There are 2 protein chains.
Amino acid sequence: MRDVAQQAGVSTMTVSRALSDPEKVSPEIRRRVEAAVAAIGYVPNRLAGSLSSQNSRVIGLIVPSLENSLFAPTIQGVSEVLRRQGYQLMVADCGYREEDEAALITAFLAQRVAGLMLHNTRHADGARQMLARAGLPVVETGEMAPDPIDMVVSYSNEDAARAMVLHLHRLGYRRIALVTLPAANNDRSRARQAGFRAALAELGLAEDPRLMLEMPPGLPSGAEAVVRLVEGAQADAIFFAGDVLAIGAHFECQRRGWAVPGRVALAAFDNFELLGQMVPPVTTLRLPRAEIGRRAAQILLDRIQGRSDEKVRIDLRFEIIQRASS
Amino acid sequence: MRDVAQQAGVSTMTVSRALSDPEKVSPEIRRRVEAAVAAIGYVPNRLAGSLSSQNSRVIGLIVPSLENSLFAPTIQGVSEVLRRQGYQLMVADCGYREEDEAALITAFLAQRVAGLMLHNTRHADGARQMLARAGLPVVETGEMAPDPIDMVVSYSNEDAARAMVLHLHRLGYRRIALVTLPAANNDRSRARQAGFRAALAELGLAEDPRLMLEMPPGLPSGAEAVVRLVEGAQADAIFFAGDVLAIGAHFECQRRGWAVPGRVALAAFDNFELLGQMVPPVTTLRLPRAEIGRRAAQILLDRIQGRSDEKVRIDLRFEIIQRASS
DNA sequence: TTGTACGCGTTATCAG
DNA sequence: CTGATAACGCGTACAA
C-alpha cells in the first residue's frame, strides 16, 4: 500500500479510504489511486485490516460431515449470501463428534471469524463457554434448538416426523415403522423419534419396539431395514427419517419384486431430487435446506453489521409431498 | 497475551514460545503459562500471528459449485488432511464462471491464504497473472491440465471417456452415444468429448452428430436425452459423461418399460454409490475423488512447509466398473 | 533459557 | 477532504 500511495502521490491513509470508502475521497484522487493500484497489481492485506479494525469478513461453518450431500444445499445457500456481501466462508466438518466441534470452534475463534454457523445443536460444555465469553454471533441450523446458544434458523424435526406419521395414518396405514440414524450423537434423530412417538400416542397406537430401527447411513442400510421390517415385523408403511435410507429400501423392494406401496409403503424425510424421479416416486418432506443457509447467513450478517441485535429464532417449517409410494 | 504473560510472570515472548514451540521453554514456565492460558481463557490471534510471520495456516478452495454432490468427496478429503495438520479451509464456488473465479482468487490472495486449490483448469488471463505474481502454491484438480498453473492432481477425462467407449464397443455395441454437460465453460466436458471422438476414430466408426448431445445438469435432462437418442437416433448404448444424467435416464427407461440393456445399454461417468444399487446396476468409472482431495492437500502442504519444491503432476487414473446395465 | 526492540500492513482518531 | 500518529497482537532477530 505504501507503493500505491507513493505512485499516486498521497498518504497511505488516503489510499485506504479510496479503497474502502471511495465516496469519502475526491474524484481526482480516487482516479489516481485506482490507476496506481492497477499499475502495481496491489492486493490489500485483509489480515492487517482485520487486525487493525478488530473485525474480519470471514464466517465459520461447522457441519457434521462434508461428504453427506445433505449439507450441500445449505452450504451453497450460505455461500451465495456471503459472496454477495463480500464475506468469505471457512468450513470444517466435526465428524459428528462434540469434542472435535469444540476444537474447531477454538480454531475459528483464533482466526477471529466474525460469526459462526453450527449445524449441531448439542455442544461440549467448553464450547458453549468459549462462545459466550467471546460474545460471537452464532446461528444453529440443524434443529429448532430448545436451548440455543444464540440465534436459530431451522425447522422442527419432531414436528416434521410427527406430521408424516399422522399423514401415513390418514392414508390408512396402521403398522407404521420408523428408521433413523443412530440417535446417540444425533439430536435430529432423537427429535424425529420423539415426533414418531408423539404421533402414535395421539393416534392411540401402541409402540412396538420391532417397528423402530436405528441404522447406520448408506443405501445398504435402507435395504436391510426394509427386509427386517416387512418380513420380521409386518410393517405396512416405513418412514425412513434419515440419510438415503429410503432410496436403498426402494431399490431393495424393486429387486425383490415387492410392490410399493402394495406390499409396503415408503416415505422419506429429505427432499432429494431423486425421490421424485424414482418409480414409483417417493412421498417425503420438503425441507428448506438452501433457504436455511441463506437466512442463517443473512441474520448473521445483520447482527454483525449492527442492523439487528435480536436473538432471532426462525422456524422455516416443512411440507409433506405426497407421492405414489404411499 | 499480555494478560497471560503477567499472570504467569513472564514476558509475552515467552508465552508465545511456550505455545508455539513448548520444547524451547523450561517445564516450570511451560506449566505456569498453560495454567494462565486456561485461567484467562486466552485464544491466540492467528491474524496477528500470520501478519507478523508472513504465513497463514489457511488454504483456499474454489469449486464450480458447492451444491453438486460430485465435489463433496474431494472437499471431505481435503478437509481431513488439513485438519490433521492444523490448517483451515476457506471455500467458495465460482458458479462455473471464469470471471467469478478470478474475483475469488483475488479475495483469497487478500486473505493471504498459504495455498490454493482450483477445480477448474481454465482461468481468466488476469487470474493466471495474479497467481504467478503472488508466487502462491496452487493445485488444480479437475483435469490433468496440459498447461497447469503449478501442480496438478487429477485423472485424464479424455482417457477415461475413451476407455469407456472402447469398453462398450468390446461388449458389442456399435451405435454408441455420448451425453455431456454443455462444453462451453467446461474443460472436463470438452475433454470427454475429445476422448469419445478419439475412440471412434480408433475403432473406425463414423461420427454421427445425432449421437452427441449436450444437456444441462439434472435428472430430467438425462430422461430427455435417453428418449431422443433411442427413438431419434437408434443408439444401442449411451454413455452419460456428466452429473446425474445417467440416473435420470435409467429411471426414464424404467418408466417406459425399456429393458436395460436390452433396448439400450447405459453407462455413467462418476461412481455415485447409487449407481451400484439401481436395478440393474449401472456400468461406470471409478474416479478417485476423495483421494484427489487428500493428495492435493498433501502436496500443497508439502510445498508450503518446504518439504518439496517440485511442480508435481499426479495422475491418479481411473477404472471401469462393468455392471449389468451394459 | 529468557527478554527487548522492532516491524508486519492496515485502520481509528484526531488535527489541519 | 487529507494527513500524521498510534495502535492492533503477534513473531523475528538479536542480545542478555
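Looking at an unreviewed UniProt entry, one finds chain A named LacI family transcriptional regulator and attributed to Teichococcus deserti.

Chemist: Is there a simple way to explain the protein's contact with DNA strand C in this structure?
Modeler: In the vicinity of DNA strand C lie 21 residues, with M13, S16 and Y42 of chain A together with T14 and I29 of chain B positioned nearest. Backbone atoms, meaning sugar plus phosphate, form 64% of the atoms of DNA strand C positioned within 4 Å of the protein. At a separation of 3.1 Å, a phosphate oxygen of DNA strand C approaches a polar side-chain atom of S11 of chain B. Broken down by secondary-structure element, the contributors of at least two residues to the surface near DNA strand C are α2 (12-20) and α4 (46-53) of chain A together with α2 (12-20) and α4 (46-53) of chain B. Sorting elements by how many residues they give to the surface near DNA strand C places α4 of chain A first, with four residues. Split by residue class, the surface near DNA strand C holds ten nonpolar, ten polar and one charged.

Chemist: Even after reading the chapter, I still don't get the interface of chain B and chain A, so can you show me in this structure?
Modeler: For an interface, size is often stated in terms of accessible area lost upon the parts coming together. Tallying the contact residues gives 50 residues for chain B and 49 residues for chain A. For the pair chain B and chain A, the interface holds four salt bridges. For R83 of chain A, the salt bridge goes to D93 of chain B, with nearest N and O atoms at 3.6 Å. There are 23 residue pairs in polar contact (both at pLDDT 80 or more) connecting chain B and chain A. For the side of chain B that touches chain A, the elements supplying multiple residues, two or more each, are α3 (27-40), α4, α5 (72-84), β2 (88-93), α6 (98-110), α7 (125-134), α10 (219-233) and α11 (245-256) of chain B. The greatest single-element share of the side of chain B that touches chain A, amounting to seven residues, is contributed by α6 of chain B. Its residues assigned to classes, the side of chain B that touches chain A comprises 27 nonpolar, 13 polar and ten charged.

Chemist: Explain the protein's contact with DNA strand D to me, please; I cannot follow it from the model alone.
Modeler: Near DNA strand D you find 22 residues, and of these T14 and R17 of chain A together with M1, S16 and Y42 of chain B are the closest. Each atom of DNA strand D within 4 Å of the protein belongs either to a base or to sugar and phosphate, the latter forming 63%. Between a base nitrogen of DNA strand D and a main-chain N or O atom of A48 of chain B, the distance comes to 3.4 Å. Contributions of two or more residues to the surface near DNA strand D are made by α2 and α4 of chain A together with α2 and α4 of chain B. At four residues, the largest contribution of residues to the surface near DNA strand D is made by α4 of chain B.

What counts, and where the lines are drawn
Residues numbered from 1 in each chain as written. Chains lettered and ligands numbered in written order. Predicted model: local features only at pLDDT ≥ 70, side-chain atom pairs only at ≥ 80, totals over all residues. Heavy atoms only, no water. Near = heavy atom within 4 Å. Polar contact = N/O pair within 3.5 Å; in protein donor to acceptor, adjacent residues only side chain to side chain. Helix = DSSP H or I, 4+ residues; strand = E, 2+ residues; numbered from the N terminus. Nonpolar A, V, L, I, M, F, W, Y, C, P; charged D, E, K, R; others polar. Contact = heavy atoms within 4.5 Å. Salt bridge = Lys/Arg side-chain N within 4 Å of Asp/Glu carboxyl O.

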